[in-house]
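Listed below, chain by chain, are the residues.
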Amino acid sequence: MKLSVIGTGYLGATHAAAMASLGFDVVGVDVDPKKIELLKVGKVPFFEPDLEDLLIAEVNSGRLKFTTDFSEAKDYDVHFICVGTPQQQGSLAADMKYVDAALDAIAPHAKTGSLIVGKSTVPVGTAEQLSKRLRELGSKAELAWNPEFLREGFAVEDTLRPNRLVVGVTSDSAEEILKRAYKPLLDNNVPWIRADLPTAELVKVAANSFLATKISFINAMAEICEAAGGDVTVLAKAIGYDPRIGSRFLQAGIGFGGGCLPKDIRAFMARSEELGAKQSLEFLREIDSINLRARQRMIDLVRLDLGADLKGKRIAVLGAAFKPESDDVRDSPALDIAAQVAAAGADVYVFDPKANSNAKLRFPALNYSHSVEECLSGAEIVLHLTEWKEFRALDPIKVKSLVARPNIIDGRNALDKAAWESAGWHFRGLGRATR
Ligand code: UDX
């Protein structure tokens with residue numbers, strides 16, 4: 001079986017390398033020649049653990065190729081669409097131009113009996129529209145939907161060992177083709193769920209909405225803990241022991257960001273309105289507001305320590321990526337907070353182990369440090385905003401000598417409060433009362 005993967009970003013590059021590692025011939029197609037040139041020589045244009053090793057191995061094996069020419073996929077059996085669906089400017093809805101362009105580009109080359117499989121996160125109803133478009137273009141290929149649930153930072157692991165495979169199909173033959181493509185995973189007992197097209201599309205946005213809700217729930221509890229003098233980290237631990245609740249995704253802090261959760265819940269709201277079911281997802285508006293409020297609460301805590309006027313105050317920001325093990329700064333709460341305190345006149349120094357250069361492209365006016373030590377040097381307050389291992393491993397006694405004042409706010413509730421306090425730091429955490 002020969003597979004093509006259209007779009008070679010976080011999702012597509014990982015999917016292409018992973019499918020090649022399962023033994024298939026794979027071609028990755030992208031309209032960006034720079035990206036393709038890098039991938040051809042085994043270089044990943046972003047940071048994703050384990051991906052580069054896999055990519056090099058598969059390129060060297062000859063199973064994995066990259067091209068900007070869609071016609072190279074002409075006799076392939078399955079075409080996976082893995083392009084982005086970012087939020088539209090000035091609207092909550094997703095921008096579908098890359099998905100539409102991908103379909104139009106592959107349609108003339110997709111042979112009769114081949115399957116075009118959408119993996120991108122899309123508004124429900126997209127697959128049906130794209131099927132119609134395929135027929136209008138005179139294509140004899142079939143369309144299916146197979147949402148992807150990979151997390152950045154664990155992309156390879158999640159692709160090769162997913163916790164389920166969901167396929168939206170309109171025929172048994174389409175399901176059979178997908179079963180062949182995923183046979184090595186099915187042999188490992190990965191649950192397989194066959195659905196219709198709209199359900200398959202909805203599974204993805206429903207899952208991301210649930211995850212976003214879980215995070216905003218605990219961040220709402222953090223607000224209450226702050227008001228009542230409680231500690232949200234203890235609360236989260238205690239409720240998490242109930243298996244019906246579960247302890248994962250209950251880490252209170254500055255909230256969720258990245259290329260998925262924020263834009264997915266917004267696009268879901270926009271689509272529900274088009275469907276005449278606006279009320280059903282009204283709660284997501286509150287989930288979004290709680291999430292954005294967490295960033296503001298962090299800034300309020302900074303002002304509590306440094307005073308209302310931040311002009312000229314030296315602030316060290318640890319972390320710029322939206323989460324650790326990633327260099328992605330899309331809708332990053334950490335970077336947003338750094339930019340907001342800088343806009344208020346503070347002298348902000350940012351350090352992230354992997355995301356400095358992406359952050360600099362977005363906010364060139366911030367100061368970017370080359371090391372934690374340089375970042376902390378002379379700081380009047382330290383903001384811990386992305387919980388990289390290297391930050392969690394900092395020795396509070398050692399780094400105390402670097403700063404002007406030993407003030408730290410843990411925006412991710414990932415540091416050992418007792419250790420920092422006993423080293424003489426004034427320690428605050430979101431949702432944790434400071435006495
Ligand atoms: C998410 C989904 O998890 C994944 O299944 C989907 O395919 C794409 O979107 P990702 O964007 O990589 O994946 O990040 P995720 O690990 O879900 O974290 C999202 C954000 O939530 C991060 O900013 C993270 O810091 C934050 N988060 C996560 C919390 O604030 N608290 C938590 O308890 C968990």
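Everything numeric here is computed off the predicted structure, so don't read it as measured data.

Engineer: Mind showing me how you'd approach the overall build of the chain here?
Structural biologist: The secondary structure content of the chain amounts to 18 helices and 14 strands. The C-alpha radius of gyration of the chain comes to 23 Å, within 12% of the 22 Å expected for a compact globule of 435 residues. Dimensions of the chain, computed from the C-alpha atoms along their principal axes, are close to 70 × 50 × 40 Å. In the chain, which comprises 435 residues, the share counted as buried stands at 54%. Summed over its atoms, the accessible surface of the chain is roughly 18,800 Å², and 53% of this surface lies on carbon and sulfur atoms. The distance from the centre of the 54 positive side-chain charges to the centre of the 58 negative ones in the chain is 1 Å.

Engineer: Explain the packing of aromatic side chains here, please?
Structural biologist: For any pair of aromatic rings, geometry is given as the distance between the ring centres together with the angle between the planes. Under the definition given, this model contains five aromatic pairs. Taking the centre distance of 4.3 Å and the plane angle of 40 degrees together, the rings of Y10 and F46 count as tilted. You can see Y10 sitting in helix α1 (residues 10-21) and its partner F46 sitting in the loop between α2 (33-40) and α3 (51-61), a full 36 residues away along the chain. In this structure Y10 comes out as buried when scored by relative accessible area, which is 17%. Pairing W420 with W425 gives two aromatic rings, centres 5.0 Å apart and planes at 70 degrees, and the pair type is edge-to-face. Here W420 and W425 have matching classes, each one buried. An aromatic cluster of at least three residues, connected via ring pairs, comprises F80, Y182 and W192. Between R164 and the ring centre of F149, over which it is positioned, the NZ or CZ distance is 3.6 Å.

Engineer: Explanation requested: empty space enclosed by the protein in the structure shown.
Structural biologist: If you roll a probe as big as a water molecule over the atoms, it shows you where there is empty space left. One pass over the structure, following the stated rule, counts one cavity of 30 Å³ or more. If you add up the space inside the largest cavity, you get close to 70 Å³. The wall of the largest cavity is formed by 13 residues, among which V122, P123, V205, A267 and F268 lie closest to the centre. Sorting the residues of the lining of the largest cavity by element identifies α9 (197-228) and α11 (261-274) as the ones contributing at least two each. Among the elements that take part in the lining of the largest cavity, α11 stands out by supplying five residues, more than any other. Among the domains, domain 1 (2-195) and domain 2 (212-429) are the pair contributing at least three residues each to the lining of the largest cavity.

Engineer: For this particular structure, what's the right way to read the side chain of S120?
Structural biologist: Secondary-structure assignment places S120 in the loop between β5 (115-118) and α5 (126-136). Not counting residues up to four positions away in its chain, the partners in contact with S120 are I81, C82, V83, T85, V99 and W145.

Engineer: Got a minute to help me understand the site of the ligand in this structure?
Structural biologist: Residues in contact with the ligand amount to 20 residues; listed here are only the nearest, F149, L150, E152, Q251 and F322. The backbone of G257 places a nitrogen or oxygen atom 3.1 Å from an oxygen atom of the ligand. For the ligand, the accessible surface in isolation is 670 Å², of which the surrounding protein chains cover 92%. At four residues, the largest contribution of residues to the shell around the ligand is made by α9.

So, how was this worked out
Residues numbered from 1 in each chain as written. Predicted model: local features only at pLDDT ≥ 70, side-chain atom pairs only at ≥ 80, totals over all residues. Heavy atoms only, no water. Helix = DSSP H or I, 4+ residues; strand = E, 2+ residues; numbered from the N terminus. Rg over C-alpha atoms; globule rule 2.2 N^0.38 Å. Buried < 20%, exposed > 50% of the residue type's maximum accessible area, 1.4 Å probe, protein only. Areas by Shrake-Rupley, 256 points an atom, 1.4 Å probe, with all protein chains shown as cover. Lys, Arg positive; Asp, Glu negative; His and termini not counted. Charge placed at Lys NZ, Arg CZ, Asp CG, Glu CD. Phe/Tyr/Trp six-rings, centres within 6.5 Å; stacked < 30°, edge-to-face > 60°. Lys NZ or Arg CZ within 6 Å of the ring centre and 35° of its normal. 1 Å grid on protein atoms, 1.4 Å probe; cavity = no way out; pocket = protein on both sides within 12 Å on 5 of 7 lines; lining within 4 Å. Points joined across faces, edges and corners; volume = space filled by probe spheres on them. Domains from an automatic or database assignment. Contact = heavy atoms within 4.5 Å. Near = heavy atom within 4 Å. Polar contact = N/O pair within 3.5 Å; in protein donor to acceptor, adjacent residues only side chain to side chain.

Everything listed here is a matter of geometry and, on its own, says nothing about what the molecule does.
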